[in-house]
Amino acid sequence: MRNTHDLTRGGVAKTLVRFALPYLLSCFLQTFYGLTDLFVVGLYNTKQVTAAVSTGSQVTHMLTVMIVGLAMGVTVHCANAAGAENTALAKRVFSTAVTFFSVLAIVVTLGTLALAKPITMVMKTPSQSVEDTVSYLRICFLGVPFIIVFNVISALFRGFGDSRRPMCFVGAACFVNIVFDFVFVGAAGLGAAGAALATVLGQASSAVFAVISYTRADLGFHLDRSSLRPDRISLLKLLRVGVPISLQDGLIQIAFTVIIVIANSRGLVFSSSVGIVEKLIGFMFLVPSSFLSAISAVTAQNLGAGKPRRARRSLYCGIAVTVSWGAICAVCGNLFPQQLVSLFTKDSAVIAAGSLYLMSYSFDCIFAAVHFCFSGYFCGCGRSVISFIHNIISIVLIRIPGAVAASALYPDTLYPMGWAAPLGSLLSALICIGFFIYYYHRERKNEV
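Analysis parameters
Residues numbered from 1 in each chain as written. Predicted model: local features only at pLDDT ≥ 70, side-chain atom pairs only at ≥ 80, totals over all residues. Heavy atoms only, no water. Helix = DSSP H or I, 4+ residues; strand = E, 2+ residues; numbered from the N terminus. Rg over C-alpha atoms; globule rule 2.2 N^0.38 Å. Buried < 20%, exposed > 50% of the residue type's maximum accessible area, 1.4 Å probe, protein only. Contact = heavy atoms within 4.5 Å. Areas by Shrake-Rupley, 256 points an atom, 1.4 Å probe, with all protein chains shown as cover. Lys, Arg positive; Asp, Glu negative; His and termini not counted. Charge placed at Lys NZ, Arg CZ, Asp CG, Glu CD. Salt bridge = Lys/Arg side-chain N within 4 Å of Asp/Glu carboxyl O. Patch = residues over 30% accessible without salt bridge, like charges linked within 9 Å, V, L, I, M, F, W, Y side chains within 5 Å. 1 Å grid on protein atoms, 1.4 Å probe; cavity = no way out; pocket = protein on both sides within 12 Å on 5 of 7 lines; lining within 4 Å. Points joined across faces, edges and corners; volume = space filled by probe spheres on them. Nonpolar A, V, L, I, M, F, W, Y, C, P; charged D, E, K, R; others polar. Expected span 1.5 Å × (residues − 1). Phe/Tyr/Trp six-rings, centres within 6.5 Å; stacked < 30°, edge-to-face > 60°. Lys NZ or Arg CZ within 6 Å of the ring centre and 35° of its normal. Axes fitted to C-alpha atoms, helices over the stretch in contact; angles between N-to-C directions. Parallel < 35°, antiparallel > 145°, perpendicular 65-115°, else oblique. Left-handed = near helix turned anticlockwise from the far one by under 90°. Polar contact = N/O pair within 3.5 Å; in protein donor to acceptor, adjacent residues only side chain to side chain. Disulfide = S-S within 2.5 Å.

J.: Account for the overall build of the chain, naming residues and giving values.
T.: Check the secondary structure of the chain and you find 17 helices and zero strands. The globule rule puts the C-alpha radius of gyration for 448 residues at 22 Å, and the 21 Å found for the chain is close to it. Along the first, second and third principal axes, the C-alpha set of the chain runs to 60 × 45 × 35 Å. The proportion of buried residues among the 448 residues of the chain is 56%. Nonlocal contacts in the chain, meaning residues at least 24 apart in sequence, comprise 83% of its contacts between residues at least 6 apart. Roughly 17700 Å² of accessible area belongs to the chain as shown, and the carbon and sulfur atoms make up 68% of that amount. Between the averaged position of the 32 positive side-chain charges in the chain and that of its 17 negative side-chain charges there is a distance of 9 Å.

Written as structure tokens, this is what we have:
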């Protein structure tokens, strides 16, 4: 097996950071062109269109992160195969993934297109923004096959320790999306539909780039038509890792969606404010998100190579880096909230409401950093169900009821509602620490 990106040797911190940086840049580029959509729409359109794009992008983002979570099974099992230098296993895993995700692409695309209008209504989109939101969603849902192609191939490369190629795929999407944002939204005046068209074209370019890169890569195997048969055992392994992560990410996004629904029911000002702050928080979460995936790949490769201690050291390193970043984000969110929100709107009411929401919400960057890193480690160990468990508990006990209660008790401000997320993440972090201690003491006696 050609494993030119070996994550089982060298300094742990250097290996982890070197793998995480391209992934971080990939996440940054994805978030950047998402922010560009909102920025360009706000530059040329009214807040009704801004609300439509912020609401629609929340839905499409939820769908995307669930696909990414499901593809994590490909990363973990390909990384295990790479660490064990088992070419046959890697080929079997990837051929199964290609078959499964091809069927999934058809089902999800048709299903979401049929549900665009109901989804818009469930989101309690302001009446002035309903038509634009439906148009935005229907166009974006056409890009689902491209999202799946890009993420499955990217998962394969990351499993082999290569996070640079996926970064290039996203770079192509970012460039195309930004160019066509100004063409469709600015020059053509297509509003929300123009932003959606630009997004789909960007996704298509990344998918094409990913396919070309795969055909030219030297991973020790290539697929042909005869090998595109699902293997039952491999499929179960992929789903055992991917389904809990996908459900976890989906539930987190549902919690965010509940907040969007609450904001939408309180009018355009709160709707636009929450949409903008969610974009800012998404940017702040780039570092912990990157390290989650990096820790997953490093852990899986090292466990495949029989190096569990090195896998744990990658977790410790990731926590140190991401918590430090989270503290910086919390400080900036409280010192410069108005300046950050005003990057995306000139409406004084939206700036005032969004600033208060950002001040409390930004503390989530500290606590989320901890459970993100643990989730990556558990995923690399094949225990992604733990991530699902702690997120379910957090969402059911704190995130959703906290947001609902804060909205009811403080209808004139978003500040109290912003605390629901960090408090939920604190609970998740404590649960993760408990699981880690339990497994550490159980497994330490079995290590050499």
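J.: With reference to specific residues and values, describe the pattern of salt bridges.
T.: Tallied over the entire structure, the rule returns one salt bridge. For the salt bridge of D162 with R165, the shortest nitrogen-to-oxygen distance reads 2.5 Å.

J.: Got a sec to walk through a nonpolar patch on the surface? Specific residues and values, please.
T.: Judged by side-chain polarity, V385, I389, I393, V396 and L397 come together as a nonpolar surface patch covering roughly 410 Å² of accessible area. With respect to the helices and strands, L397 occurs in helix α16 (residues 384-409).

J.: Got a sec to walk through empty space enclosed by the protein? Specific residues and values, please.
T.: Unoccupied space between atoms shows up once a probe the size of one water molecule is rolled over them. Under the definition given, this model contains four cavities of 30 Å³ or more. Looking at the second largest cavity, its volume works out to about 90 Å³. Forming the boundary of the second largest cavity are Y23, V68, A71, M72, T75, N151, A155, R158 and S293. Looking at the lining of the second largest cavity, the element that brings in the most residues is helix α2 (residues 47-84), giving four residues. Here the lining of the second largest cavity is built from residues that sort into five nonpolar, three polar and one charged.

J.: Lay out helix α11 (residues 286-304) in plain terms, naming residues and giving numbers.
T.: In this model, α11 (19 residues) spans 27 Å end to end at C-alpha, consistent with the 27 Å of a helix rising 1.5 Å per residue. Among the 19 residues in α11, 16 count as buried, and that is most of the element.

J.: Describe the environment of L280, and please don't skip the residues or the numbers.
T.: Looking at the element boundaries, L280 is found in helix α10 (residues 268-284). When sequence neighbours within four positions are dropped, the list of residues in contact with L280 reads L340, V341, F344 and L358.

J.: Can you break down the packing of aromatic side chains residue by residue, with the values?
T.: Inspection of the entire model under this criterion finds 18 aromatic pairs. Seen from their ring centres, F169 and F209 are 5.5 Å apart, and the 70 degrees between their planes marks the pair as edge-to-face. Of the two residues, F169 sits in helix α7 (residues 164-187) while F209 sits in helix α8 (residues 191-216), which places them 40 residues apart along the sequence. Overall, the relative accessible area of 1% leaves F169 in the buried class. An aromatic cluster is present here, built from Y316, F374, Y377, F378, F436 and Y440 joined pairwise through their rings. Of note, R383 hangs over the ring of Y439, and the distance from its end group to the ring centre comes to 3.9 Å.

J.: Can you lay out the packing of helix α1 (residues 12-44) against α7 for me, pointing to particular residues and giving the numbers?
T.: Taken N-terminus to C-terminus, the directions of α1 and α7 make an angle of 5 degrees; their axes are 8 Å apart at the nearest point. As judged from the angle between their axes, α1 and α7 are roughly parallel. Considered class by class, the residues forming the contact of α1 with α7 number 16 nonpolar, six polar and three charged.

J.: Kindly report on the packing of α1 against helix α12 (residues 308-335), identifying the contributing residues and their values.
T.: Two numbers describe how α1 lies on α12: the axes approach to 9 Å, and their chain directions differ by 65 degrees. On the basis of the axis angle, α1 is roughly perpendicular to α12. Note on packing geometry: the crossing formed by α1 with α12 is right-handed. Within the contact between the two elements, α1 uses V12, A13, T15 and L16 and α12 uses R310, R313, S314, C317 and G318. Split by residue class, the contact of α1 with α12 holds four nonpolar, three polar and two charged.

J.: Requested: an account of the side chain of T133, with residues and values cited.
T.: Locating T133 in the fold gives a position in helix α5 (residues 130-141). Judged by its relative accessible area of 1%, T133 is buried. Once residues within four sequence positions are removed from consideration, T133 is found in contact with A52, T55, G56, T120 and T125.

J.: So, the environment of V385: which residues are in play, and what are the values?
T.: Mapping V385 onto the fold places it in helix α16. As a C-alpha pair, V385 and S375 span 10 residues in sequence and 9.3 Å in three-dimensional space.

J.: Any chance you could break down the side chain of S355 for me, citing the residues and the numbers?
T.: Topologically, S355 is positioned in helix α14 (residues 348-361). Within the local environment of S355, its side chain forms a polar contact with the backbone oxygen of I351, the two atoms lying 2.6 Å apart.

J.: Could you give an account of unusual backbone geometry, with specific residues and numbers?
T.: With a phi close to 55 degrees, E85 is a non-glycine residue in the positive phi region. Examined against the element boundaries, E85 turns out to sit in the loop between α2 and α3 (87-114).

J.: Which residues make up the state of the cysteines, and what values do they have?
T.: For the structure shown, the criterion picks out zero disulfides. Between C381, a cysteine without a disulfide, and C379, which holds the nearest cysteine sulfur, the sulfur-to-sulfur distance is 9.2 Å. The exposure class assigned to C381 is partly exposed, which follows from its relative accessible area of 23%.

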